[in-house]
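Here is what each chain is made of, one letter per residue.
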Amino acid sequence: MIVIGTEIVERYLVRHAGHKGTKAARTQYDAWLAISERAQWRNPEHVKASYPKASILKGGRVVFNIKGNDYRLIAALQYRAGVLAIRFFGSHAEYDEIDAETV
């Protein structure tokens, strides 16, 4: 997949540097990014095969758990084009404050 929007995660991790769990979140995000960039997801079932705990939402949105379930990453996938656009990265509590289908 072509992954765009990585600056959203980078900004978040820089703003929260030194906070508990941020270093582990960085490591797990980097692993997620490497897998996503190599993936050839063509439908939600392909995503679930790689990430069984991912939540598939309407409109091509997918929620990935990062660092267990401490952080959430929302992406909009355009399967036919092979593009994954990161829309949100934040703690579980921050995720609870947004609408994952419209962010």
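As shown above, the structure is provided for reference.
In this structure, the largest pocket encloses a volume near 160 Å³. As for the largest pocket, its lining consists of Gln28, Ala31, Trp32, Tyr51, Pro52, Lys53, Ala54, Phe64, Asn65, Ile66 and Lys67. Sorting the residues of the lining of the largest pocket by element identifies α2 (22-38) and β3 (61-66) as the ones contributing at least two each.

The next point concerns the nonpolar core. Of all hydrophobic cores here, the largest spans 25 residues; its most connected members are Tyr29, Trp32, Trp41, Phe64, Leu73, Leu77 and Leu84. For this core, the elements supplying multiple residues, two or more each, are α1 (6-15), α2, β3, β4 (71-78) and β5 (83-91). When near neighbours in sequence (up to four residues on either side) are disregarded, Leu77 contacts Met1, Trp41, Val47, Gly60, Val62, Val83 and Leu84. Ranked by size, the runner-up nonpolar core spans five residues in total, among them Val63, Ile74, Tyr95 and Ala100.

The next subject is the packing of aromatic side chains. Evaluation of the coordinates by the stated rule reveals nine aromatic pairs. Aromatic pair Tyr12 and Phe89: ring centres 5.3 Å apart, planes at 75 degrees, arrangement edge-to-face. With a gap of 77 residues between them, Tyr12 in helix α1 and Phe89 in strand β5 connect regions that are remote in the sequence. The class for Phe89 is buried, based on a relative accessible area of 4%. Taken together, a centroid distance of 5.4 Å and an interplanar angle of 80 degrees make the contact between Tyr51 and Phe64 edge-to-face. Of this pair, Tyr51 sits in the loop between α3 (44-50) and β2 (55-56) while Phe64 sits in strand β3, and the two are 13 residues apart along the sequence. What makes Tyr51 buried here is its relative accessible area of 17%. Among the aromatic residues, those joined into a cluster by ring pairs are Tyr12, Tyr29, Trp32, Trp41, Tyr51, Phe64, Tyr71 and Phe89. The ring of Tyr95 has Arg72 lying over it, and the distance from NZ or CZ to the ring centre is 4.5 Å.

The five strands lie next to each other as β1-β5-β4-β3-β2, forming an open sheet whose pairing is mixed. With one partner strand each, in any of the chains shown, β1 (2-4) and β2 form the two edges of the open sheet. Of the pairings in the sheet, the one linking β2 to β3 comprises two bridges and is antiparallel in character. Across the sheet, the residue bridging to Ile56 is Val62, located in β3. Contacts between α2 and the sheet are confined to β1, β3, β4 and β5, with β3 contributing the most and set at about 135 degrees to the helix.

The rules we used
Residues numbered from 1 in each chain as written. Predicted model: local features only at pLDDT ≥ 70, side-chain atom pairs only at ≥ 80, totals over all residues. Heavy atoms only, no water. 1 Å grid on protein atoms, 1.4 Å probe; cavity = no way out; pocket = protein on both sides within 12 Å on 5 of 7 lines; lining within 4 Å. Points joined across faces, edges and corners; volume = space filled by probe spheres on them. Helix = DSSP H or I, 4+ residues; strand = E, 2+ residues; numbered from the N terminus. Core = buried A, V, L, I, M, F, W, Y, C linked by side-chain atoms within 4.5 Å. Buried < 20%, exposed > 50% of the residue type's maximum accessible area, 1.4 Å probe, protein only. Contact = heavy atoms within 4.5 Å. Phe/Tyr/Trp six-rings, centres within 6.5 Å; stacked < 30°, edge-to-face > 60°. Lys NZ or Arg CZ within 6 Å of the ring centre and 35° of its normal. Pairing = 2+ DSSP bridges. Axes fitted to C-alpha atoms, helices over the stretch in contact; angles between N-to-C directions.

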